[in-house]
Amino acid sequence: MSLLWPELTLGWRRAARGPLLVALAAVLAFCLLALPGRADAGLVRTGYGVVLAWMVLIVSALWCGGTAYALDRERHRLTLTFTKPVRRWALWWGRLAGVLAPFAALTVILWVALAFRAIPEGRTVMRPALPDLDAAARAELARLRAVGRVPVGVPEARLLRAVRDHLEVAYTELRPGEPRIYHFLPVAKAGAATFRLSGAPFLGARDALALWVTAACAGKTLTFRPTELRDTGFAQPLPADFVVPGQAVTVTLDRLDTREACSVIYRERADVALLLPGQAPLLNLAYFCLALFLTVAMAAALGCALGCAFSLPVTLFTGTVALLAATAAALSPPTSVSEEMVNWWTRLSAVVSWAVARPFQALVALNPLARLLGGEAIEPVAFLRAAVAAIPWCLLCSAVAVISPVADEDK
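A brief report on the enclosed structure follows. Because the structure is a prediction, the values reported are computed rather than measured. (Residues numbered from 1 in each chain as written. Predicted model: local features only at pLDDT ≥ 70, side-chain atom pairs only at ≥ 80, totals over all residues. Heavy atoms only, no water.)

### Looking at the overall build of the protein chain
Then comes step 1: Helix and strand counts for the protein chain come out as 14 helices and 11 strands.
Then comes step 2: Across the 411 residues of the protein chain, 41% fall into the buried class.
Then comes step 3: Summarising the internal contacts of the protein chain: among those between residues at least 6 apart in sequence, 81% fall at separations of at least 24.
Then comes step 4: As displayed, the protein chain offers around 21,300 Å² of accessible surface, 65% of which is attributable to carbon and sulfur atoms. (Helix = DSSP H or I, 4+ residues; strand = E, 2+ residues; numbered from the N terminus. Buried < 20%, exposed > 50% of the residue type's maximum accessible area, 1.4 Å probe, protein only. Contact = heavy atoms within 4.5 Å. Areas by Shrake-Rupley, 256 points an atom, 1.4 Å probe, with all protein chains shown as cover.)

As structure tokens, this is what we get:
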């Protein structure tokens, strides 16, 4: 710690003395308070403001990480540093910690600013009990093999995984006169529950749909018709005493209309859910801020690693392009087995895309911003999974910084 502390305090003093901290605090206040946003019941004027604040912090962390090394190399300030008994890893981690110190303070400011808003409770999402995917994948693979649609030379395990991933995101159509029944496991505690059908399930004339929902629990039955069907689905609150602890909940979706021009198409394993009382709003906000800081740390590590080898303009340009490429790889749809077996270039690009996007895919899967605005609980397990995925990224950036010729600044 004695080796890291001087570099950490140096980075903090640079940020505190310069205009960075004040400018970022002003941008955060502008994004959260001045910009108009969606009229959410829980977060008013913060829907788009939080998104902009997130992007400002990420880009600022990338640029500040790049200047931590590149600026000192251009001004020939590292010569004095390397005349002292300091190791490269101490210089790297000290500079990175110094860069992250003001962003940690800004994350706390963001938490305080949002804590004064009417934040919705982080509700636990319960999915319905559906058939096992592994058994369904084996049956579907056997059917594909029987009709000759299985590529040759692909391992059995990879084929099963591809079919399983396809079935997991497959769409289901709710036809008139064919109700769909979903069983939810017994709930642990009492409280107001909400049935939600999310995604983009309604196609065609939504006003012509006659969709009925029947919920049953402990001998009690509740039937309602959603009156406002949006492209994002609907969420129907249930009475506070309807859900009984230890009792299963059954929900039936049925269409009473006979119109063929409109359809109800959704994904059973992702769009059908029962929202139950979860964790406290401030705790949910704390996990959101931790996920934000984790993303900022990854961007700052990338900037520090690039600043060890390139000049400041090249570092900023390369870092921005690399961040965009990693984001595009994380958000790109996965390739199928048949697509990856076309040629060697497709297989190589799939491997490179997976390696680059792996740390960011965990954050995309966590999706803390959508969960915070949607009132869903950010599970600690999901956050830890994202944090563990980010460790190899920081270690890779550290290895690049250690082996780079950062001390050779006189050339």
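### Considering a nonpolar patch on the surface
Then comes step 1: Together, Trp-93, Val-388, Ile-391 and Leu-395 line one region of the surface with nonpolar side chains, adding up to about 370 Å² of accessible area.
Then comes step 2: For the nonpolar patch, the leading source of residues is helix α14 (residues 380-403), giving 3 residues.
Then comes step 3: Assignment of secondary structure puts Leu-395 in helix α14. (Patch = residues over 30% accessible without salt bridge, like charges linked within 9 Å, V, L, I, M, F, W, Y side chains within 5 Å. Salt bridge = Lys/Arg side-chain N within 4 Å of Asp/Glu carboxyl O.)

### Let's talk about the nonpolar core
Then comes step 1: Grouped together as the largest cluster of nonpolar side chains are 56 residues, with contacts concentrated most on Trp-92 and Phe-288.
Then comes step 2: For this core, the leading source of residues is helix α9 (residues 281-307), giving 17 residues.
Then comes step 3: Beyond its immediate stretch of four places on either side in the chain, Phe-288 contacts Val-50, Trp-54, Leu-110, Leu-114, Pro-368, Leu-369, Leu-372 and Ile-378.
Then comes step 4: Counting residues in hydrophobic clusters, the runner-up holds 29 residues, among them Ala-193, Phe-195, Ala-215 and Leu-274. (Core = buried A, V, L, I, M, F, W, Y, C linked by side-chain atoms within 4.5 Å.)

### So, the pairing of strand β4 (residues 194-197)
Two faces belong to every sheet, and in a regular strand the side chains alternate between them.
Then comes step 1: Burial along β4 is two-sided: Thr-194 and Arg-196 facing one way and Phe-195 and Leu-197 facing the other are all buried.
Then comes step 2: Where β4 meets strand β11 (residues 272-279), 4 bridges bridge the pair, whose relative direction is antiparallel. Looking at the pairing, Leu-197 lines up with Val-272 of β11. (Pairing = 2+ DSSP bridges.)

### As for the pattern of salt bridges
Then comes step 1: Tallying each qualifying case throughout the model produces 10 salt bridges.
Then comes step 2: Residues Glu-140 and Arg-143 are paired through a salt bridge, measuring 2.6 Å at the closest nitrogen-oxygen approach. In this pair, Glu-140 and Arg-143 both sit in helix α6 (residues 133-146), 3 residues apart, roughly one turn of the helix.
Then comes step 3: Arg-143 gets classed as partly exposed once you look at its relative accessible area, which sits at 41%.
Then comes step 4: Taking the shortest distance from any N to any O, the salt bridge between Arg-255 and Asp-257 comes out at 2.7 Å.

### What to know about the sheet that holds strand β1 (residues 122-126)
Then comes step 1: Read across the sheet, 4 strands follow the order β1-β11-β4-β8 without closing on themselves; strand pairing throughout is antiparallel. A single partner strand is all that each edge strand has here, and the edge strands are β1 and β8 (234-237). When the angles between neighbouring strand axes are averaged without regard to direction, this sheet yields 30°.
Then comes step 2: Examined bridge by bridge, β4 and β8 share 4 bridges and lie antiparallel to one another. Bridging across to β8, Thr-194 finds its partner in Pro-237. (Axes fitted to C-alpha atoms, helices over the stretch in contact; angles between N-to-C directions.)

### Some thoughts on the packing of α6 against helix α7 (residues 156-168)
Then comes step 1: Direction vectors running N to C along α6 and α7 enclose 110°, while the axes themselves pass 9 Å from each other. For the element pair α6 / α7, the angle class is roughly perpendicular. Facing α6, whose interface residues are Leu-133, Asp-134, Ala-136, Ala-137, Arg-138, Glu-140, Leu-141, Leu-144 and Arg-145, α7 presents Glu-156, Leu-159, Leu-160, Val-163, Arg-164, Leu-167 and Glu-168. (Parallel < 35°, antiparallel > 145°, perpendicular 65-115°, else oblique.)

### Focus: the sheet that holds strand β5 (residues 202-203)
Then comes step 1: Overall, antiparallel pairing links the 3 strands, which are arranged β2-β10-β5 in an open sheet. At either end of the open sheet lies a strand with only one pairing partner, and these are β2 (172-174) and β5.
Then comes step 2: Alignment of β5 against strand β10 (residues 263-266), held across 2 bridges, turns out to be antiparallel. Among the inter-strand pairings, Leu-203 is bridged to a residue of β10, identified as Ser-263.

### Some details on the packing of aromatic side chains
Then comes step 1: A full pass over the atoms with the stated rule returns 4 aromatic pairs.
Then comes step 2: Centre to centre, the rings of Phe-202 and Phe-234 are 6.4 Å apart; their planes meet at 25°, and the pair counts as stacked. Placement of Phe-202 in strand β5 and of Phe-234 in strand β8 is noted, with a sequence separation of 32 residues between them. Summarising the burial analysis for this pair, Phe-202 and Phe-234 share the class buried.
Then comes step 3: A centroid spacing of 6.2 Å and a plane angle of 55° characterise the contact between Tyr-287 and Phe-383, whose relative ring orientation is tilted. Separated by 96 residues along the polypeptide, Tyr-287 in helix α9 and Phe-383 in helix α14 bring together distant segments of the chain.
Then comes step 4: For Phe-383, a relative accessible area of 11% gives the class buried.
Then comes step 5: Here the aromatic residues Phe-195, Phe-202 and Phe-234 are joined through ring pairs into a cluster of three or more. (Phe/Tyr/Trp six-rings, centres within 6.5 Å; stacked < 30°, edge-to-face > 60°.)

### Digging into the environment of Ile-391
Then comes step 1: Along the chain, Ile-391 falls in helix α14.
Then comes step 2: Measuring from C-alpha to C-alpha, the distance between Ile-391 and Met-298 comes to 8.9 Å, with 93 residues separating the pair along the chain.

### Topic: α6
Then comes step 1: Compared with the 20 Å implied by 1.5 Å per residue over 14 residues, the 20 Å span of α6 between its first and last C-alpha is a close match.
Then comes step 2: The set of residues buried in α6 consists of Leu-133, Ala-137, Leu-141 and Leu-144. The buried residues of α6 occupy an angular sector of 70° when projected down its axis, which confines them to one face. When the buried face of α6 is taken as reference, the exposed residues oriented beyond 90 degrees from it are Arg-138 and Ala-146.
Then comes step 3: Buried residues along α6 sit against α7 and α8 (268-271).
Then comes step 4: Sitting at the amino-terminal end of α6 is Asp-132, which places a side-chain oxygen 3.5 Å from the backbone nitrogen of Ala-135. (Expected span 1.5 Å × (residues − 1). Arc of directions from axis to C-beta. Polar contact = N/O pair within 3.5 Å; in protein donor to acceptor, adjacent residues only side chain to side chain.)

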